[in-house]
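Observations on the model geometry
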Amino acid sequence: MGSVGAKEVPVLLSPEGLRIDGRKLDELRPIKIQVGTLHNADGSAFVEWGANKVMAAVYGPREVHPRHLQQNNKAVIQCKYNMAAFAVDERKRPGLDRRSQEISKVIGEAFESVVFAEEYPRTSIDIYIEVLQANAGTRCAGLVAASMALADAGIPMVDLLPAVAVGKVAGKIALDLKKEEDNFGEADLPMALVPQSGRLVLLQMEGHMTEEELAQSLDLGVQGCRAIYEKMKEALRERYSTGPVGGSS
Amino acid sequence: MSEEVSAEILTTHILDLAAEGKRLDGRGPDDYRPISIEPGFVATADGSALVRIGDTAALCGIKLEPGKPFPDTPNAGVLTTNAELIPLSSPTFEPGPPQPGAIEVSRVVDRAIRAAETIDLTRLCVTPGEKSWVCYVDIHILDHSGNLIDAASLAAVSALSHAVVPAKRFEIAEADYPLEVNHYPIECTFVRLGDTIVVDPTFDEERAAQGRITVATDEVGRVVAMQKGLVGAFSPDDVKDIVRRAFRHGEKHRELAKGVRA
């Protein structure tokens with residue numbers, strides 16, 4: 001159970017250079033990915049990332065609702081990111097707020113950059129991300145979960161989309177901030193990478209960084225994304241490999 | 001084949017089977033699907049439980065926060081129940097404000113918890129007229145394969161059963177303590193399929209149903225809430241039989257909810 005905001009700034013970096021949870025600056029929190037966790041959805045995934053718990057479901061390609069959003073030359077990708085009332089220390093009022101609408105938009109656009117939407121004209125591919133327990137980095141965890149759910153739904157894509165946030169704690173660039181680091185840190189920079197092309201399809205930033213720090217953050221983030229990418233592929237293999245008889249796919 | 005046509009064919013099949021006392025998934029009319037409860041699923045909540053009934057999944061998180069009692073009940077805390085039928089859980093749900101279905105689930109769950117005096121609300125009062133605990137019961141339906149009311153209410157009762165009052169965190173008492181739970185209301189839902197009344201309907205059975213009844217019972221032999229839903233009718237004898245069956249199922253499910261006590 002979390003505390004209602006410690007009033008004092010905790011020691012974010014030990015003299016040995018270790019973070020509040022004992023991680024090194026370039027170390028990720030533990031990540032566990034399960035694919036195909038829901039019964040109704042066409043594709044689904046559950047991601048436990050540090051103390052984050054995020055579920056994603058994909059429905060489609062299916063009829064477009066509302067109808068006027070339909071496009072004659074491609075599928076529309078509709079993403080909804082939502083946070084459960086009990087996912088944070090202080091209860092969040094249920095329903096849409098400006099933060100979740102913005103996150104839904106940037107995540108949806110990230111997927112539009114990789115999904116072969118022109119294969120499915122006049123349809124909708126609906127992505128639902130539910131944050132059940134939050135501890136900083138939920139949009140990245142949501143993106144990873146959604147990416148796995150899209151793959152599980154068999155939607156053709158250029159690539160999976162690993163994502164991670166880089167930040168600044170106690171003046172140092174650090175990978176994958178947890179809540180205390182996010183609350184008291186000096187910068188937060190979430191990103192999503194297309195591993196094949198090495199390009200970023202989601203990028204946001206808030207805080208203070210010098211030009212050098214930003215360059216260093218981007219490099220660290222890409223490195224983090226590549227590590228997460230391996231875990232994502234591993235989770236897909238776990239779900240879909242048929243064992244020694246059929247050979248693994 | 002359109003969704004409507006396949007649903008129609010399935011409905012006919014479900015009704016044909018029911019006439020012989022059979023069900024699509026092989027259960028008998030009075031067989032409940034397997035239930036699992038995972039208490040403490042959400043660490044940010046003060047109490048939580050993930051309940052699965054077959055392929056249906058409901059997650060409940062309890063949040064306790066200091067607030068103000070209502071003017072007409074100055075000596076009591078506040079209990080609010082809210083269910084979200086999020087679009088992740090079913091191809092038929094859309095984003096947006098709560099639909100009547102979600103509101104019905106919230107209200108039927110709320111009614112059973114309230115009427116059974118699951119929580120003694122006066123114990124949630126800190127300073128009469130000024131300060132009391134507000135107990136939020138938030139339910140997220142994650143997978144909709146029928147019988148949402150039973151899943152939501154079992155999740156809610158299990159989460160309450162597992163909840164700890166964060167009194168230290170809010171500087172109201174020296175230490176946190178488990179939430180007092182006095183009664184364990186258990187909701188049990190039935191649908192009519194022709195002349196057969198089956199317990200714990202699946203999504204397809206609900207769509208084929210000619211009426212639905214939920215009965216909430218507690219451990220001291222009281223019926224504490226009922227709700228008839230969907231289009232269809234029941235005779236008083238049907239209802240008496242349903243109540244008898246609800247008590248029997250309730251006893252078993254109550255032990256599961258009690259088993260997660262914090």
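Keep in mind that what you see is a predicted model, and the values were worked out from it rather than measured.

Per the secondary structure count, chain B includes five helices and twelve strands. Compactness check: chain B gives a C-alpha radius of gyration of 19 Å against a globular reference of 18 Å for 262 residues, within 12% of the reference. By principal-axis analysis of the C-alpha atoms, chain B measures approximately 60 × 40 × 35 Å. Once local pairs closer than 6 in sequence are excluded, the contacts in chain B between residues at least 24 apart make up 68%.

By size, the foremost hydrophobic cluster in this structure holds 148 residues, and its most contacted members are Ala56 and Ala145 of chain A together with Ala58, Ala152, Ala155 and Ala156 of chain B. Those residues within four positions of Ala58 of chain B in sequence are excluded, and the remaining contacts are Val51, Ile139, Ile141, Leu142, Leu148, Ala151, Ala152 and Ala155 of chain B.

This brings us to the interface of chain A and chain B. The interface is formed by 28 residues belonging to chain A together with 31 residues belonging to chain B. Tallied by class, residues from the side of chain A that touches chain B come to 17 nonpolar, seven polar and four charged.

The next thing to look at is helix 1 (residues 3–19) of chain B. For helix 1 of chain B, built from 17 residues, the straight-helix expectation of 24 Å at 1.5 Å per residue is met to within 8% by its first-to-last C-alpha distance of 24 Å. Looking one or two places after helix 1 of chain B, you find Gly21 of chain B, whose phi comes out positive at around 75 degrees.

The next subject is unusual backbone geometry. Residues and elements named next belong to chain A. Looking along the chain, the bond that leaves Gly60 and enters Pro61 is cis, with omega of 0 degrees. Topologically, Pro61 is positioned in strand 3 (residues 52–62). Residues His65 and Pro66 are joined by a peptide bond in cis, for which omega reads -10 degrees. By secondary structure assignment, the location of Pro66 is in the loop between strand 3 and strand 4 (76–83). Positive phi is not limited to glycine here, since Ala136 has a value of about 65 degrees. Take Ala136: it is sitting in the loop between strand 5 (124–133) and helix 2 (138–152). On the basis of neighbour count, Ala136 is assigned to the buried category, with 25 C-beta atoms found within 10 Å. Within the chain, Asp176 stands out as a residue other than glycine whose phi angle is a positive 60 degrees. Relative to the elements of secondary structure, Asp176 occurs in the loop between strand 7 (172–175) and helix 3 (179–184). Of the residues examined, Asp176 has 26 C-beta atoms within 10 Å and is grouped as buried.

It is worth spelling out the sheet that holds strand 3 of chain A at this point. All names here are of chain A. Within the open sheet, the five strands sit side by side as 1-2-3-5-4. Their pairing is mixed. Of all strands in the sheet, those bounded by a partner on one side alone are strand 1 (31–35) and strand 4. Within the sheet, the average angular offset between the axes of one strand and its neighbour, ignoring direction, is 15 degrees. Here strand 2 (residues 43–49) pairs with strand 3 via seven bridges, running antiparallel. Residue pairing in the sheet places Val47 in a bridge with Val54 of strand 3. In the packing of helix 1 (residues 98–112) onto the sheet, the strands contacted are strand 4 and strand 5, and the crossing angle to strand 4 comes to about 140 degrees.

With that settled, the discussion passes to helix 2 (residues 100–115) of chain B. All names here are of chain B. Its 16 residues place the ends of helix 2 22 Å apart at the C-alpha level, agreeing with the 22 Å of an ideal helix rising 1.5 Å per residue. Three or more residues of helix 2 are buried, namely Ala102, Val105, Ser106, Val108, Val109, Arg111, Ala112 and Ile113. Contact partners of the buried residues in helix 2: strand 4 (78–84), strand 6 (131–143), helix 3 (148–161), strand 9 (186–193), strand 11 (212–217) and strand 12 (223–229). Positive backbone phi, approximately 50 degrees, marks Glu117, located one or two places after helix 2.

With 95% of its residues at a pLDDT of 70 or more, chain A has an overall mean of 93. Confidence over residues 1–6 of chain A falls short of pLDDT 50; this stretch has ten contacts with residues more than four positions distant or in other chains.

A word on the packing of helix 3 of chain B against helix 5 (residues 236–258) of chain B. All names here are of chain B. In the contact formed by helix 3 and helix 5, the axes pass within 8 Å of each other and the chain directions differ by 40 degrees. Contacts between helix 3 and helix 5 involve Leu154, Val157, Ser158 and Ser161 on the former and, on the latter, His253, Ala257 and Lys258. Per-class residue counts for the contact of helix 3 with helix 5 are three nonpolar, three polar and one charged.

All names here are of chain B. Strand order across the open sheet formed by four strands is 10-9-11-12, with antiparallel pairing between neighbours. Two strands in the sheet have a free side with no partner beyond their single neighbour: strand 10 (196–199) and strand 12. With strand direction ignored, the average angle separating the axes of adjacent strands in the sheet is 20 degrees. Sheet strands in contact with helix 2 are strand 9, strand 11 and strand 12, and its direction is about 165 degrees off that of strand 12. In the packing of helix 5 onto the sheet, the strands contacted are strand 9, strand 10, strand 11 and strand 12, and the crossing angle to strand 11 comes to about 50 degrees.

How each quantity is defined
- Residues numbered from 1 in each chain as written.
- Chains lettered and ligands numbered in written order.
- Predicted model: local features only at pLDDT ≥ 70, side-chain atom pairs only at ≥ 80, totals over all residues.
- Helix = DSSP H or I, 4+ residues; strand = E, 2+ residues; numbered from the N terminus.
- Rg over C-alpha atoms; globule rule 2.2 N^0.38 Å.
- Contact = placed C-beta atoms within 7 Å.
- Core = buried A, V, L, I, M, F, W, Y, C linked by C-beta atoms within 7 Å.
- Buried ≥ 20, exposed ≤ 12 C-beta atoms within 10 Å, placed from the backbone.
- Nonpolar A, V, L, I, M, F, W, Y, C, P; charged D, E, K, R; others polar.
- Expected span 1.5 Å × (residues − 1).
- Pairing = 2+ DSSP bridges.
- Axes fitted to C-alpha atoms, helices over the stretch in contact; angles between N-to-C directions.
- pLDDT = per-residue confidence, 0-100.

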